[in-house]
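# Descriptive structure summary
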Amino acid sequence: MKSKILLIDDEPGIISILKNYFESSGYQVYSALSGNEALERVHCQPDIILLDINMPDIDGITVCQRIRKYISCPILFLTARVESKDKIIGFRAGADDYILKPFDIDELGARVEAHLRRENRMHKQSIIRFFGDLTVNYSNREVSVSSFVVPLSKREFEIVELLSMNAGQVFDREHIYEAIWGTDGEGSSDTIMEHIRKVRAKLAVFTQKSYIDTVWGVGYKWNG
């Protein structure tokens, strides 16, 4: 999908230049020529906003303050000049960057790309835990050892997930069964023994370390 960019500037000439540039670069472009119009345009859910500070009706700082609590995308201020105290005010209002006018349009494009890449990395961050050579990626529901993926079934991964998220804590078979199959499960806690046996066998293909310990007479715990 095309990234959506919202351009806010009271100079039609600047809007036209930026619109042509970003459309030719593959962006879906929205624009506003005033602060009030900008507040009406934010419903387009932009991926990034270029916002002029000096506008006659509502200045860019105020627009930023008004929309920041509802908009999480990067906001880059466009301004003819800026002092340190102005930057501090802008950053506190929710700005992510400053672009000084006159600007090199290719540099502006590169900055926009950099901010979008950073956003994508943040959104793609996974919940991961490392246990020596073993990695559990809870977001992707994947276990790997030294970059080799361990082929676990849905239930097998859920057992690893429960134990590894609570490393060192001992769970009896009944607790594990209820946590994964639910209280309405039609099987019995004996199935936990078989699933753990399979998990251990699959891990043993890639590592000699035993990550699931048996606590005799009690249950199982993760040994990370």
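About the criteria used
Residues numbered from 1 in each chain as written. Predicted model: local features only at pLDDT ≥ 70, side-chain atom pairs only at ≥ 80, totals over all residues. Heavy atoms only, no water. Pairing = 2+ DSSP bridges. Helix = DSSP H or I, 4+ residues; strand = E, 2+ residues; numbered from the N terminus. Axes fitted to C-alpha atoms, helices over the stretch in contact; angles between N-to-C directions. Buried < 20%, exposed > 50% of the residue type's maximum accessible area, 1.4 Å probe, protein only. Polar contact = N/O pair within 3.5 Å; in protein donor to acceptor, adjacent residues only side chain to side chain. Contact = heavy atoms within 4.5 Å. Salt bridge = Lys/Arg side-chain N within 4 Å of Asp/Glu carboxyl O.

All right, on to the sheet that holds strand E7 (residues 134-137) then. Within a sheet, neighbouring strands are paired by backbone hydrogen bonds and run either parallel or antiparallel to one another. With antiparallel pairing, four strands are arranged side by side in an open sheet as E6-E7-E8-E9. Here the strands that pair on one side only, and so sit at the sheet edges, are strand E6 (128-131) and strand E9 (148-150). Taken over all neighbouring pairs, the strand axes of this sheet differ in orientation by 25° on average, direction set aside. Taken together, the four bridges between E6 and E7 define a ladder with antiparallel strand orientation. When the bridges of E7 are listed, Ile128 appears paired with Asn137.

What follows covers the side chain of Ser164. For Ser164, the location among the structural elements is in helix H6 (residues 154-165). Residue classification places Ser164 among the buried residues on the basis of a relative accessible area of 0%. At a separation of 2.7 Å, a polar atom in the side chain of Ser164 contacts the main-chain carbonyl oxygen of Val160. Not counting residues up to four positions away in its chain, the partners in contact with Ser164 are Arg129, Phe131, Val136, Tyr138 and Trp222.

So, on to the pattern of salt bridges. Applying the stated criterion across every chain yields a total of 14 salt bridges. In this structure, the salt-bridge partner of Asp52 is Lys101, at a minimum N-O distance of 3.3 Å. Of the two residues, Asp52 is situated in strand E3 (residues 48-52) and Lys101 in the loop between strand E5 (97-100) and helix H5 (105-123); the sequence distance between them amounts to 49 residues. Here Lys202 and Glu156 are joined by a salt bridge, their closest N and O atoms 2.7 Å apart. Note that Lys202 is positioned in helix H8 (residues 190-204) and Glu156 in helix H6, a separation of 46 residues in sequence. The exposure class assigned to Glu156 is buried, which follows from its relative accessible area of 4%. By sharing partners, the salt bridges in this structure join Asp9, Glu11, Asp52 and Lys101 into a single network.

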